Amino acid sequence: LITLHIFDGAKVLKAGDIRSLVILPFDNFTGDDQLEYFVAGMHASLVNDMGQISGLRVISKTSASAYRDSDLTATEIARELRVDGVVEASVLCLGDSMCMQFRLIDATGEEEQLWTADYREEKSQILNLYHQLSKEISGIINVSLTSDEESQLADEKEIDPEAYELYLKGQFNLDQTSLTSLESAFGYFKAASEIEPEWADPYAGLAS
């Protein structure tokens, strides 16, 4: 493996090279603007998942969302936010299954794409996909996980697609902060909790 890295010119990261990340808002390439709530919710979910890794500083969803449709380069965004790396994502299809592409960019020097991967997952497996991405990116940038984090990211949960969609609609309406949207958010979270009574996230939405 060392020999391959030397000959193919790939950059070998050392522990400590990347200790902070911004996950940029996901690009919606599905061709359906009505799915924007779903794409925005997926972004928030991955930010939340990776934000639980203690050895990694992850920029908040609110700060990252300010760069939606920005003309700045990944390196310029990283410089403004004082982070070492940038994660970009594109959602290519959304139906019973989802097609996505992810890219990890090193912004510590000259902009360099470290990793790219394509995924096609059933909606019911979406929570497991976030865990998989968190583990994979942590491994690439040499961030060590605690035993509790390893256990948490190894925990697999299949989620009812309808409950997940209701939850994302709740999150989307919660962010609008008008009385009408907050009432709608409450209804969506409550419906999601009734379908998946042992899933914590809809209850957190209700509390919010």
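Along every chain, residues carry numbers that run from 1 in the direction the sequence is written. A pLDDT threshold of at least 70 governs which residues receive local features in this predicted model, and a stricter bar of 80 or more applies before side-chain atom pairs are shown or counted, although totals over entire chains, interfaces and linings include all residues. Calculated side-chain values reflect all of the structure's heavy atoms, with hydrogen atoms and water omitted.

A. Molecular detail of the overall build of the protein. Secondary structure elements are taken from DSSP: a helix is a run of H or I of four residues or more, a strand is a run of E of two residues or more, and numbering for both begins at the N terminus. Along its length, the protein carries nine helices and six strands. Radius of gyration (C-alpha) of the protein: 18 Å, near the 17 Å computed for a compact globule of 208 residues. In terms of its C-alpha atoms, the protein occupies a principal-axis envelope of roughly 55 × 40 × 30 Å. In the protein, the share of contacts with a sequence separation of at least 24, taken over all contacts with a separation of at least 6, comes to 62%. Positive: Lys, Arg. Negative: Asp, Glu. His and the chain ends are not part of the count. To locate a charge, take atom NZ for lysine, CZ for arginine, CG for aspartate or CD for glutamate. Side-chain charges of the protein comprise 15 positive and 37 negative groups, with the mean position of each set lying 4 Å from the other. With C-alpha atoms as the basis for the radius of gyration, the globule rule is written as 2.2 Å multiplied by the number of residues raised to the power 0.38. Throughout, a contact is declared for two residues whenever any of their heavy atoms are within 4.5 Å.

B. How the structure looks around the side chain of Asp106. Within the secondary structure, Asp106 sits in strand β5 (residues 97-106). Only protein chains enter the accessibility calculation, which uses a 1.4 Å probe. A residue is then buried if its area is under 20% of the maximum for its type, exposed if over 50%, and partly exposed in between. Look at Asp106 and you get buried, because its relative accessible area is 1%. Two N or O atoms count as a polar contact when they lie within 3.5 Å, although within protein this holds only if one can serve as hydrogen donor and the other as acceptor, and sequence-adjacent residues are included solely when both atoms are side-chain atoms. Within the structure, Asp106 has its side chain in polar contact with the side chain of Thr108 (distance 2.7 Å).

C. Layout of the state of the cysteines. Any two cysteine sulfur atoms within 2.5 Å of one another count as a disulfide. Applying the stated rule across the entire model yields one disulfide. Between the sulfur of Cys93 and that of Cys99 lies a disulfide, 1.8 Å long from S to S. The S-S bond linking Cys93 to Cys99 shows a torsion near 70 degrees; that makes this disulfide right-handed. For Cys99, a relative accessible area of 12% gives the class buried.

D. Inspection of the confidence of the model for the protein at higher detail. pLDDT runs from 0 to 100 and stands for how confident the predictor is about each residue. The predicted model of the protein has a mean per-residue pLDDT of 89, with 92% of residues at 70 or higher. Between residues 1-10, whose pLDDT stays under 50, and residues either more than four places distant or in other chains, the model counts two contacts.

E. Looking closely at the environment of Phe102. Relative to the helices and strands, Phe102 resides in strand β5. In this structure, the C-alpha to C-alpha distance between Phe102 and Gln125, residues 23 residues apart in sequence, is 17 Å.

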